[in-house]
Structure formats: structure tokens, C-alpha cells
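# Observations on chain architecture
So you can see what is in the structure, the chains are spelled out below.
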Amino acid sequence: GESVGLHLPTLSVQEGDNSIINCAYSNSASDYFIWYKQESGKGPQFIIDIRSNMDKRQGQRVTVLLNKTVKHLSLQIAATQPGDSAVYFCGSSGSARQLTFGSGTQLTVLP
Amino acid sequence: EAGVVQSPRYKIIEKKQPVAFWCNPISGHNTLYWYRQNLGQGPELLIRYENEEAVDDSQLPKDRFSAERLKGVDSTLKIQPAELGDSAVYLCASSPQGATYEQYFGPGTRLTVT
């Protein structure tokens, strides 16, 4: 089956610094990857996605990097702000077109 | 544009009691998902609908869980009878046709079974 895991359950960064959240996936057939942000008491909110034919995609203050060789995905947040504090989930999808989510990394932005 | 609406937001019941959750997806979204999210974990898919048809219910514990999406819009998820291990947040998500991957989540229903 497909599994997705995050490297660190918690991450603390200083406000203004860059954040990097890492994720590993197991299924080499996964062709789509996605990052969600979940604030306390809310549902997950889409941040950015990437398909397997790409290795980098940029959004507003966020960049997703995909390394298919080592089955690794990362989310980079530039100039981290207090509002970025949340749990971040990576997800992947393969031939079943079903998203499998990792366990989440709690990002805390320190003043 | 209104997002995915779920109710109730919180529910506390005793074990062996029934419970139902309701979801109203984003208007025009054909695909609807129910997920369960345990504390500290990512969402786990329970069932996926394409319009009114359940196309993936392989992870739904069918002995006690049931779902329906009459008319292909609103959906309800039911548990009968509830067990202590069912305590979790139940999330509903929807996506437009052809965009299966980008899913829009509701706020969830936090279920506590005592």
C-alpha cells in the first residue's frame, strides 16, 4: 500500500526565517503530491501541489520540491509569519487517484 | 463563494448510541469525500462519491458506518452503534469534476464517544 510520512512532528522557526518541512513517500508510482495547512479547529486548506513530471513548483511565499529518486517531498515557506503556525500535511496519490496523507508537522513561529 | 459546510461542529455521545453527520459541498462540486482524522494524524479516506454514486468505500467499516448522497449534493455519514474508538474529527471535502486531487475541506465534526 501507499504510505506517507513526515520527518519531524514539530518544527519551530523564528519569525522572518525560512521554514522547510520534509515528507517521504513509499510508492514510486505516486504521480501527484500536495501540501495542506490545518489550523486548530479548522479543516485542511490547500497550499500547493505538484505532479511527478516536475521537480519544483512555486507559489506565493511557498515552494514545493520533489525528489523522485529518493521519494522525498519538501515544502519551503519564505519569511515565515505568525499566521503560518499550523499543522502541515503532505499527501500523495498514485494509480488509485486517492490521496494518502502523512501524520503532519506542527509548525510554530516564534516571535 | 461558500465553502464546504458541515454540521454539527461538535458531538458528544455515549457508546452504542447512533450519530449522524451532515455535509453540504461547494456548489457544483461533483466529487464528495468523507475522511476520519484521529488526533495527531492526517485524514484517512472513508468514502468517495462521484455525484450520487459511491465509487470508493473500501475503507468504510460497513458493519457500523453508512453514508448516502441522495440527489448527488448533500451527504450524511452515520455510525450505529458508536464505539469509543470512533472518537475523531470527521471531515467532508469536495472537488470539482476532473480535479480529483485538489480537495476543499469543511471544518469537520469533532465526535467524542464516552
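Just so you know, these numbers come straight off a predicted model, no measurement behind them. (Residues numbered from 1 in each chain as written. Chains lettered and ligands numbered in written order. Predicted model: local features only at pLDDT ≥ 70, side-chain atom pairs only at ≥ 80, totals over all residues. Heavy atoms only, no water.)

Taken residue by residue, the interface counts 21 residues in chain A and 18 residues in chain B. Here chain A meets chain B over a buried area of about 1,600 Å², counting both sides, of which 50% is carbon and sulfur. Here chain A is connected to chain B by 0 salt bridges. Joining chain A to chain B, the criterion identifies 4 residue pairs in polar contact (both at pLDDT 80 or more). Among the elements of the structure, strand 4 (32-38), strand 5 (45-51) and strand 9 (86-93) of chain A are those that each provide at least two residues to the side of chain A that touches chain B. The residue inventory of the side of chain A that touches chain B, partitioned by class, reads 9 nonpolar, 8 polar and 4 charged. (Contact = heavy atoms within 4.5 Å. Buried area = accessible area lost by both parts, 1.4 Å probe. Salt bridge = Lys/Arg side-chain N within 4 Å of Asp/Glu carboxyl O. Polar contact = N/O pair within 3.5 Å; in protein donor to acceptor, adjacent residues only side chain to side chain. Helix = DSSP H or I, 4+ residues; strand = E, 2+ residues; numbered from the N terminus. Nonpolar A, V, L, I, M, F, W, Y, C, P; charged D, E, K, R; others polar.)

Another aspect to go through is unusual backbone geometry. All names here are of chain B. Geometrically, the link from serine 7 to proline 8 is a cis peptide bond, its omega value of -5° lying close to zero. For proline 8, the position within the fold is in the loop between strand 1 (5-7) and strand 2 (10-13). A cis geometry characterises the amide bond from glutamine 80 onward to proline 81, with omega recorded as -5°. Tracing the chain through its elements places proline 81 in the loop between strand 8 (75-79) and strand 9 (88-95).

All names here are of chain A. Topologically, threonine 10 is positioned in strand 2 (residues 10-14). Under the relative-accessibility criterion, threonine 10 is labelled exposed at 52%. Leave out the neighbours within four places in its chain, and threonine 10 touches Thr105 and Gln106. (Buried < 20%, exposed > 50% of the residue type's maximum accessible area, 1.4 Å probe, protein only.)

On the secondary structure map, A:Arg51 appears in strand 5. The spacing of A:Arg51 and A:Leu66 is 15 residues in sequence and 8.8 Å in space, taken between C-alpha atoms.

Attention now goes to the environment of B:Ser75. All names here are of chain B. With respect to the secondary-structure elements, serine 75 resides in strand 8. Residues serine 75 and tyrosine 49, spaced 26 residues apart in sequence, show a C-alpha to C-alpha distance of 9.3 Å. Sequence-distant contacts of serine 75, that is, excluding residues within four places in its chain, are made with Phe21, Trp22, Cys23, Leu32, Trp34, Tyr49, Glu68 and Arg69.

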